[in-house]
Amino acid sequence: MTGKILMLMGLLLAPQAWGAQAVFAGGSFWVMEALFADRAGIERIEAGWMQSGSLHQRRQVVRVHYDDSLIGYGDLLTLYWAAVDAFDKEGQFCDRGSEFSPALYVQSSLQQKWAQQSRAKLELESGREVGVRILPVGAFALGLPRHQQYAKRNPLLYASYRRACGYPAREGLNPDEHAGVLPPAIAR
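Note that the structure is predicted; figures quoted are calculated from it, not measured.

About the criteria used
In every chain, residue numbers begin from 1 and rise along the written sequence. In keeping with the model being predicted, local features are shown solely for residues with a pLDDT of at least 70 and side-chain atom pairs are shown and tallied solely at 80 or more, while totals for entire chains, interfaces and linings include all residues. Values shown for side chains rest on all heavy atoms present in the structure; no hydrogens or waters enter the calculation. Put simply, a salt bridge is a Lys or Arg side-chain nitrogen that is within 4 Å of an Asp or Glu carboxyl oxygen. Note on method: axes are straight lines fitted to C-alpha atoms, helices fitted across the in-contact stretch only, with angles between N-to-C directions ranging 0 to 180 degrees. In DSSP terms, a helix is any run of H or I states spanning at least four residues, a strand is any run of E spanning at least two, and both are numbered starting from the N terminus. Each angle gets one of four labels, with under 35 degrees taken as roughly parallel, over 145 as roughly antiparallel, 65 to 115 as roughly perpendicular, and the rest as oblique. In a left-handed crossing the near helix is turned counterclockwise from the far helix by less than a right angle, and in a right-handed crossing that turn is clockwise. Throughout, a contact is declared for two residues whenever any of their heavy atoms are within 4.5 Å. In this count, Pro and Cys sit with the nonpolar residues alongside Ala, Val, Leu, Ile, Met, Phe, Trp and Tyr, while Asp, Glu, Lys and Arg are called charged and the others, Gly among them, polar. Relative accessibility under 20% of the residue-type maximum defines a buried residue, over 50% an exposed one, and the middle range a partly exposed one, all with a 1.4 Å probe and only protein chains included. For this analysis, a polar contact is any N or O atom pair within 3.5 Å, provided that within protein one partner can donate a hydrogen and the other can accept it, and provided that sequence-adjacent residues contribute only side-chain to side-chain pairs. Here, two cysteine sulfur atoms that lie within 2.5 Å of each other are counted as a disulfide. Within this scheme, the nonpolar core is defined by two criteria: the residues are buried Ala, Val, Leu, Ile, Met, Phe, Trp, Tyr or Cys, and they are joined through side-chain atoms within 4.5 Å. Pairing between two strands requires that DSSP report at least two bridges joining them. Stacked, edge-to-face and tilted labels apply to pairs of Phe, Tyr and Trp rings (six-membered ring for Trp) whose centres lie within 6.5 Å, assigned for plane angles under 30 degrees, over 60, and everything in between, in that order. Throughout this description, the term charge over a ring refers to an Arg CZ or Lys NZ atom that lies within 6 Å of the ring centre and within 35 degrees of the ring normal.

Student: Help me out: how do you make sense of the pattern of salt bridges in this one?
Tutor: Here the idea is simple: oppositely charged side chains can pair when their charged atoms come close. Applying the stated criterion across every chain yields a total of five salt bridges. One network of salt bridges, in which partners are shared, links Arg44, Glu46 and Arg63.

Student: When you look at the packing of helix H2 (residues 29-36) against helix H3 (residues 73-83) in this model, what are you seeing that I'm missing?
Tutor: Helices that pack against each other are described as a pair by the angle of their axes relative to one another and the distance between those axes. The interhelical angle for the contact between H2 and H3, taken along N-to-C directions, is 130°, at an axis separation of 11 Å. Considering their axes alone, H2 and H3 lie oblique with respect to each other. Between H2 and H3 lies a crossing whose hand is right-handed. Between H2 and H3, the contacting residues are Met32, Leu35 and Phe36 on the first element and Leu76, Leu79, Tyr80 and Ala83 on the second. Tallied by class, the residues present in the contact of H2 with H3 amount to seven nonpolar, no polar and no charged.

Student: Got a minute to help me understand H2 in this structure?
Tutor: Of all the eight residues making up H2, eight are buried; the element is thus mostly covered by neighbouring parts of the structure. Of all the residues in H2, the buried ones are Phe29, Trp30, Val31, Met32, Glu33, Ala34, Leu35 and Phe36. Contact partners of the buried residues in H2: strand E1 (20-25), strand E2 (42-51), strand E3 (58-66), H3, helix H5 (150-153) and helix H6 (155-165). At the N-terminal boundary of H2, the capping side chain belongs to Ser28, with an oxygen 3.1 Å from the backbone nitrogen of Trp30. Looking one or two places after H2, you find Asp38, whose phi comes out positive at around 60°.

Student: How should the state of the cysteines be read in this particular structure?
Tutor: Here, disulfide denotes a covalent bond that connects the sulfur atoms of two cysteines. Applying the stated criterion across every chain yields a total of one disulfide. For Cys94, the disulfide goes to Cys165, at an S-S distance of 1.9 Å. On the sign convention where negative is left-handed, the bridge of Cys94 and Cys165, at about -105° about the S-S bond, is left-handed. Of this pair, Cys94 sits in the loop between strand E4 (91-92) and strand E5 (95-96) while Cys165 sits in helix H6, and the two are 71 residues apart along the sequence. Judged by its relative accessible area of 42%, Cys94 falls in the partly exposed class. Taking relative accessible area as the criterion, Cys165 reaches 7% and is therefore assigned buried.

Student: How should I be thinking about the nonpolar core in this particular structure?
Tutor: Side chains that are nonpolar tend, in soluble globular proteins, to be buried together. Phe24, Phe36, Tyr66, Tyr73, Leu76, Trp81 and Leu104 are the most contacted members of the largest nonpolar core, which totals 41 residues. Counting residues in hydrophobic clusters, the runner-up holds seven residues, among them Val61, Ala103, Tyr105 and Leu135.

Student: Would you explain the packing of H2 against H6 in this entry?
Tutor: Interaxial distance between H2 and H6 falls to 11 Å at its minimum, and their mutual angle equals 110°. Judged by the angle between their axes, H2 and H6 are roughly perpendicular. Contacts from Trp30, Val31 and Ala34 of H2 reach H6 at Tyr158, Tyr161 and Arg162. Looking at the contact of H2 with H6 residue by residue, the class counts come to five nonpolar, no polar and one charged.

Student: Could you clarify how one ought to interpret the pairing of E3 in this entry?
Tutor: E3 sits mainly inside the fold: seven of its nine residues count as buried. Where E1 lies against E3, five bridges are found, and the strand directions are antiparallel. The residue bridging Ala20 from the neighbouring strand is Tyr66, located in E3.

Student: Can you help me understand the packing of aromatic side chains in this one?
Tutor: Aromatic ring pairs are reported here in terms of the distance separating the ring centres and the angle at which the planes meet. Tallying each qualifying case throughout the model produces 10 aromatic pairs. Between the aromatic rings of Tyr80 and Trp81, the centroid separation amounts to 5.4 Å while the plane-to-plane angle is 70°, which identifies the pairing as edge-to-face. Here Tyr80 and Trp81 have matching classes, each one buried. Geometrically, the ring pair formed by Phe93 and Tyr167 is tilted, given 4.9 Å between the ring centres and 50° between the ring planes. Placement of Phe93 in the loop between E4 and E5 and of Tyr167 in the segment after H6 is noted, with a sequence separation of 74 residues between them. For the cation-ring pair, Arg128 lies above Phe87, with the distance from its terminal atom to the ring centre recorded as 3.9 Å.

Written out as structure tokens, the structure reads:
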């Protein structure tokens, strides 16, 4: 009995046990990682691949660990929608193919509801079909160390890649400036 109690206490007190997670695919995982980096409430970002469905379908993603008392899932969605071409389901900017296609991977019914509502609002406002899929979280494969914090470790190469590929500038992607993307009830 004591072993089970100690194991349960260890799980409850583990640092990651209290943090929230969100998974985003939006083209290159380097671009997605840079989008969320250095923001208040973001604890850690992991670049990797998400397996969904068949063995041959995987996407570049980032798994964002965040403190939801400082930044909400709605704030993360707002940043995401401002940074991707939501209408391009075949990839993002110069990164083409299923590995780069945009998707929101949800881990709970609440994340699913927020993702669906924000996508529906964007479709309603634009009058166009949004190409971003909403999928359940699958198996995550962490990228190699050279893929982690790429923009921070290789700022000149990253800036050149981003500019040449056509990704929008990261500067100015502030959740407060894009607050209208989500209904107020789900923005936090």
